[in-house]
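Each chain, written out:
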Amino acid sequence: MWEFEKRLQYPINIKTPDAKAAKIIISQYGGPDGELGASLRYLSQRYSMSNKKVAGLLTDIGTEELAHLEMIGTIVMQLTKNLSTDQIIKEGFDTYFVDHTVGVYPQAAAGVPYTAAFMQSKGDPITDLIEDMGAEQKARTTYDNILKLVDNPDVIEPIKFLRQREVVHFQRFGEALGMLRDDLDSKNFYYYNPSYKNGCK
Amino acid sequence: MNRNYDYYCNNRDSGNNLLLDIQRISFAIDELRLFLDTHPCCKEARVLFNEYVEKRKELVERYNKEVTPLGGYVQQENDDEWQWNDCAFGWR
């Protein structure tokens, strides 16, 4: 169960629309390393997470990713507010506009719609946590790339915040991997699946 | 536009600093929660967590009363009108 609050995790107040930036940033909404995939990944993986504390961490980080999804949606909405048709064409937003007008749709920057194939829930805590660490790094790289492509400080500040969160989440997942390692015993220290013991001889 | 909409939204503007304070302290709590998930034995963080939660409670209570209900489990100002959706959401 979740409780919704009418606030963003970090304030967003973009004064000038910029369709070109919106077209890039939408990737963090529904792209391969975006916030939708991140939240679904962690919130799905927690059911087979053998370590209770790590399952809690997945819940907390997955919840924060939902707040990040809301932030990206807000950035895209504010960047596309009151655009003229001329701007839409000139700034290359026409290919998005024709399908979604200025609605927020989960897709990658190049137009690929969100698919669960972007992520995994493997049912093996060690496999999943290593994917999660990779996912945080990939999202961090995407934010690095966004920061190379946009120049509006109103956009840069919340993107920098989101980038920093990827770094912190990577750190926490690394610590969680250490906690899982501590759970392994001498018969199972080659990082075998600790949540599905039946298959282990 | 009904009276309540004007009332809440006007107050919301003057409540922006209050909202910012809530965002600040909530973030500190979010960060401490993740830290404590993997460092449950850190007493210093546990004390700070409780301190911030206490402080946040006061700020949210003020916001609920003076501006608009922040969450969905908040008692409404009066039972003559439904106010939850009257005022801006986070993304507006």
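For the structure, see preceding data.
Notes on the structure in this doc start here. On a predicted model such as this, the values are computed, not experimentally measured, just so you know.

**Structural notes on the packing of aromatic side chains**
All names here are of chain A.
Thinking step 1. Counted according to the given criterion, the structure contains 5 aromatic pairs over all chains.
Thinking step 2. Centroid distance Tyr10 to Phe161: 4.7 Å. Interplanar angle 25 degrees. Geometry classified as stacked. Residue Tyr10 is found in the segment before helix H1 (19-25), and its partner Phe161 is found in helix H8 (residues 153-183); the two are separated by 151 residues along the sequence.
Thinking step 3. On the basis of relative accessible area, Tyr10 is assigned to the partly exposed category, the value being 23%.

**Observations regarding the nonpolar core**
All names here are of chain A.
Thinking step 1. Within the largest apolar cluster, 30 residues are counted, with the highest numbers of intra-cluster contacts made by Ile25, Ile72, Ile75, Leu79, Val150, Val155 and Ile159.
Thinking step 2. The greatest single-element share of this core, amounting to 6 residues, is contributed by helix H4 (residues 52-79).
Thinking step 3. Excluding anything up to four places from it in sequence, Val150 contacts Ala21, Ile25, Val155 and Ile156.
Thinking step 4. Counting 19 residues, the second-largest nonpolar core is a separate cluster that includes Leu58, Ile61, Ala135 and Leu177.

**A closer look at the interface of chain B and chain A**
Thinking step 1. Counting residues at the interface gives 30 residues for chain B and 28 residues for chain A.
Thinking step 2. When chain B packs against chain A, close to 2400 Å² is buried across both sides, 59% of that on carbon and sulfur atoms.
Thinking step 3. Among the residues chain B hides against chain A, the three largest losses belong to Gln23, Leu34 and Trp91 of chain B. Together they make up 26% of the total.
Thinking step 4. Among the ionic pairs, Glu5 of chain A bridges to Arg56 of chain B, the shortest N-O distance being 2.8 Å.
Thinking step 5. Our enumeration of links across chain B and chain A arrives at 9 residue pairs in polar contact (both at pLDDT 80 or more).
Thinking step 6. With 13 residues, the single largest contributor to the side of chain B that touches chain A is helix H2 (residues 16-38) of chain B.
Thinking step 7. Partitioning the side of chain B that touches chain A into residue classes produces 15 nonpolar, 8 polar and 7 charged.

**Topic: unusual backbone geometry**
Across the chain, the bulk of peptide bonds are trans and the bulk of non-glycine residues have phi less than zero.
All names here are of chain A.
Thinking step 1. Even without a glycine there, the phi angle at Asn82 is positive, about 55 degrees.
Thinking step 2. Tracing the chain through its elements places Asn82 in the loop between H4 and helix H5 (85-90).
Thinking step 3. Positioned with a positive phi, Thr101 is a non-glycine residue whose angle comes to about 50 degrees.
Thinking step 4. Along the chain, Thr101 falls in the loop between helix H6 (94-100) and helix H7 (125-149).

**Focus: the pattern of salt bridges**
Thinking step 1. All chains considered together, the criterion is met by 15 salt bridges over all chains.
Thinking step 2. Measuring nitrogen to oxygen at the nearest pair gives 2.6 Å for the salt bridge that ties Asp144 of chain A to Arg140 of chain A. Of this pair, Asp144 of chain A and Arg140 of chain A both sit in helix H7, separated by 4 residues, roughly a single helical turn.
Thinking step 3. The class for Asp144 of chain A is buried, based on a relative accessible area of 18%.
Thinking step 4. When the shortest N-O distance is used, the salt bridge between Glu54 of chain B and Lys57 of chain B registers 3.9 Å. Here Glu54 of chain B pairs with Lys57 of chain B, and both are found in helix H3 (residues 43-66), just 3 residues apart, close to one helical turn.
Thinking step 5. The partly exposed category is assigned to Glu54 of chain B, whose relative accessible area is 44%.
Thinking step 6. Beyond isolated ion pairs, a larger network of salt bridges with shared partners links Glu5 and Arg7 of chain A together with Arg56 of chain B.

The rules we used
Residues numbered from 1 in each chain as written. Chains lettered and ligands numbered in written order. Predicted model: local features only at pLDDT ≥ 70, side-chain atom pairs only at ≥ 80, totals over all residues. Heavy atoms only, no water. Phe/Tyr/Trp six-rings, centres within 6.5 Å; stacked < 30°, edge-to-face > 60°. Helix = DSSP H or I, 4+ residues; strand = E, 2+ residues; numbered from the N terminus. Buried < 20%, exposed > 50% of the residue type's maximum accessible area, 1.4 Å probe, protein only. Core = buried A, V, L, I, M, F, W, Y, C linked by side-chain atoms within 4.5 Å. Contact = heavy atoms within 4.5 Å. Buried area = accessible area lost by both parts, 1.4 Å probe. Salt bridge = Lys/Arg side-chain N within 4 Å of Asp/Glu carboxyl O. Polar contact = N/O pair within 3.5 Å; in protein donor to acceptor, adjacent residues only side chain to side chain. Nonpolar A, V, L, I, M, F, W, Y, C, P; charged D, E, K, R; others polar.

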